[in-house]
Each structure stands twice: as C-alpha cells, then as structure tokens.
Amino acid sequence: MINRFSDQTAIGIITCNRPDYVKQVLESLDPMVGTVFLINAGEPLQKEVISSFNGNDLVVIDASGPKPVAVGRAKNQVMRKMRHAGYEYLFLIEDDVRIKDNKVFEKYVETAAETGLWAGQLSYGTHGGTTGGNVNADGTSKVKDTVDYDHCSIDLYGQSFQAFTLYHANVIKILGYFDEYYVNAAEHLDHYYNAFIKGLGSYFWYFPDIENSSQYLEDIDDGHTGSVIRKSPEWRENMQRAWGWFRKKWHYFPDKIPPSPQEQVLERLNFIEENYSRKDLLKDEKSDEQTE
C-alpha cells in the first residue's frame with residue numbers, strides 16, 4: 001500500500017493559469033494515495049488537463065473568473081472543502097511541485113505522528129532551488145540541523161515555503177484559516193508564526209521538513225521562472241502591504257524576527273512531541289514488521 005492513511009488523506013492542489021504545470025502534478029499523483037481536490041484560481045482549465053489525473057476521486061473546485069483568486073483565499077477554499085468532507089490529513093500542493101515518490105504522503109503523516117508537527121510545519125524545504133535560499137549552488141541542501149526521533153528524523157531549514165505542506169484538520173480549530181488580508185504574499189509566514197505563538201510550531205528560522213524530502217518531491221519550475229504571482233505588476237505592492245500587516249499583527253517584519261538559540265528550538269520540539277505526537281498511529285506499522 002502506498003499510503004495506509006489514504007482513507008483519511010485529502011490532497012488540495014492550488015493552480016492558477018499554469019495548465020502545463022498542473023497537468024504534470026496530476027500525472028505524478030497515484031490515485032491510491034487519497035482523495036484529490038483541485039482548485040482552479042485562474043482561467044478555466046481545459047478538459048484535457050483535468051483528465052490527465054489517472055483516477056476517479058478528483059474533486060474540482062472552480063474559482064475561475066475575470067481576476068485570479070489570491071493564493072491564501074484559494075487555500076482556504078480547498079481546506080474548507082477537505083475538512084467539511086471529513087478528512088483528517090490535509091495536504092496543500094502548489095502547481096509547481098511534482099511527486100517523485102507517492103510514499104511521500106505516508107512519510108509526512110508518519111513524521112507528524114512521531115513529532116507532533118501537525119500545524120502546517122512540515123513543508124517541502126528545498127522548493128525554489130538556489131533562489132529559495134535552502135539550496136547551495138552545487139545543489140546540496142542547506143540543512144541547519146537534523147533532529148532525530150525514535151523512528152524518523154526531521155531537517156530544519158532557514159527559509160519557509162508552503163509548496164507542499166501537511167495540516168491536521170483539527171489544528172484549524174486553533175489557528176483558523178489563512179488571513180485573507182494577505183494577497184499572494186506572506187500568508188503562509190503569518191500562519192506559521194501563529195502556530196509558533198500558540199505552541200504548535202517550531203521557532204522562526206528553524207523551519208522543519210521530513211528528512212531528505214527531495215527524494216520524494218521535485219520542482220517543475222526550479223527558480224520560480226514561471227511564477228504568475230511574481231510577474232504581476234502588483235507583486236511588489238502586495239509584498240509591502242503584506243509586510244506591513246505582518247508587523248502590525250506580530251510587532252516584527254518577517255525578516256526582522258529575532259533568531260532563537262538552538263537549545264530553545266530543541267526544547268520547543270520536545271514540548272510539541274510530548275503534547276501532540278500520535279505514536280499510536282505508528283503501531284500498525286510496528287505490528288506488521290513483527291509478523292513478517
């Protein structure tokens with residue numbers, strides 16, 4: 001089985017005006033990993049794009065219109081659909097991340113169960129390649145630290161992205177959805193910082209991911225050269241507006257949040273594990289190993 005949590009797994013893909021990209025994402029997904037929700041936040045998609053998914057469980061949310069829907073609002077729409085449908089493990093995937101190994105969904109859930117990092121913390125760290133800030137010029141990952149647990153490890157990175165991310169449905173009751181005042185900028189940083197403030201997440205500048213996630217995931221667009229958002233004439237204005245709103249809410253610009261000592265980070269990770277891990281979800285796997 002590719003994902004033993006598939007009955008409770010929902011995968012939300014957010015796309016906007018990149019049909020060639022989202023087609024590749026759909027083609028890379030094994031239909032057995034969970035139920036796939038696709039929200040189209042841009043121009044209407046052609047049938048051939050939607051039909052590129054080789055399965056029956058594709059839920060299409062049409063948000064297309066004369067003006068693209070902001071990414072935070074699109075994420076909220078698809079998360080609401082997934083939660084209201086009763087799924088526990090909610091994945092958000094942007095349309096420039098292709099699946100190399102469909103075991104990735106099980107791997108993320110198992111890592112969250114071990115560590116307690118359910119609040120959008122586990123996220124594909126090397127997205128964007130060298131332009132993202134977490135990859136060296138030679139292609140190696142800029143991992144700040146690797147933290148070992150009993151049955152898994154996590155990599156900690158200096159920059160945060162949310163191109164492939166796991167949430168548990170219940171954490172939305174505590175965090176709420178994304179703040180839609182942000183328009184295509186910083187909504188994920190706001191959500192991340194909110195999780196940290198509420199004790200559900202790691203410190204800023206120590207952003208966690210499963211170990212070696214690049215074995216499971218890859219960028220379609222390494223370097224954001226095909227970004228619709230970054231090519232918009234409003235992008236810089238949106239960034240300034242987002243930075244100002246973040247500071248008003250949290251008293252810092254995102255890039256001015258003070259770094260924390262590493263020992264403090266490890267203490268927080270221990271706290272999260274002690275309070276939010278679900279080791280019972282790993283029992284089936286252990287039992288299977290013992291009976292083989």
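### Section: the pairing of strand 6 (residues 119-123)
In step 1: With five of its five residues buried, strand 6 lies for the most part within the structure.
In step 2: When strand 6 meets strand 9 (residues 164-168), the two strands line up antiparallel, connected through two bridges. From the neighbouring strand, A119 faces strand 9, where its bridge partner is Y167.

### Side note on the sheet that holds strand 7 (residues 145-148)
Picture the strands of a sheet paired through backbone hydrogen bonds; they go either parallel or antiparallel.
In step 1: As summarised here, the arrangement of the three strands in space is 7-8-10, forming an open sheet in which the pairing is antiparallel. The open sheet has two free edges, formed respectively by strand 7 and strand 10 (207-210), since each of these has just one partner strand. Along the sheet, successive strands turn relative to each other by an average axial angle of 30 degrees, direction set aside.
In step 2: Where strand 7 and strand 8 (residues 153-157) come together, four bridges link them in antiparallel fashion. In the sheet register, T146 faces strand 8, and the bridge partner there is D155.

### With respect to the layout of surface pockets
In step 1: By volume, the second largest pocket is sized at about 210 Å³.
In step 2: G116, W118, A119, H168, N170, V171, I174, L200, Y276 and R278 together form the lining of the second largest pocket.

### Focus on the environment of N76
In step 1: Here N76 shows up in helix 3 (residues 71-84).
In step 2: On the accessibility criterion, N76 (1% relative accessible area) is buried.
In step 3: Filtering out sequence-adjacent residues up to four positions away, N76 remains in contact with Y177, F178 and E180.

### Examining the pattern of salt bridges
In step 1: All told, the structure shown has 13 salt bridges when counted by the stated rule.
In step 2: Close ionic contact of K249 with D179 constitutes a salt bridge, the shortest N to O distance being 3.0 Å. Of the two residues, K249 sits in helix 8 (residues 235-250) while D179 sits in the loop between helix 5 (172-175) and helix 6 (187-197), which places them 70 residues apart along the sequence.
In step 3: With a relative accessible area of 28%, K249 lands in the partly exposed category.
In step 4: Residue classification places D179 among the buried positions, given a relative accessible area of 18%.
In step 5: Through salt bridges with shared partners, a single network forms among R18, D95 and D96.

Calculation criteria
- Residues numbered from 1 in each chain as written.
- Predicted model: local features only at pLDDT ≥ 70, side-chain atom pairs only at ≥ 80, totals over all residues.
- Heavy atoms only, no water.
- Buried < 20%, exposed > 50% of the residue type's maximum accessible area, 1.4 Å probe, protein only.
- Helix = DSSP H or I, 4+ residues; strand = E, 2+ residues; numbered from the N terminus.
- Pairing = 2+ DSSP bridges.
- Axes fitted to C-alpha atoms, helices over the stretch in contact; angles between N-to-C directions.
- 1 Å grid on protein atoms, 1.4 Å probe; cavity = no way out; pocket = protein on both sides within 12 Å on 5 of 7 lines; lining within 4 Å.
- Points joined across faces, edges and corners; volume = space filled by probe spheres on them.
- Contact = heavy atoms within 4.5 Å.
- Salt bridge = Lys/Arg side-chain N within 4 Å of Asp/Glu carboxyl O.

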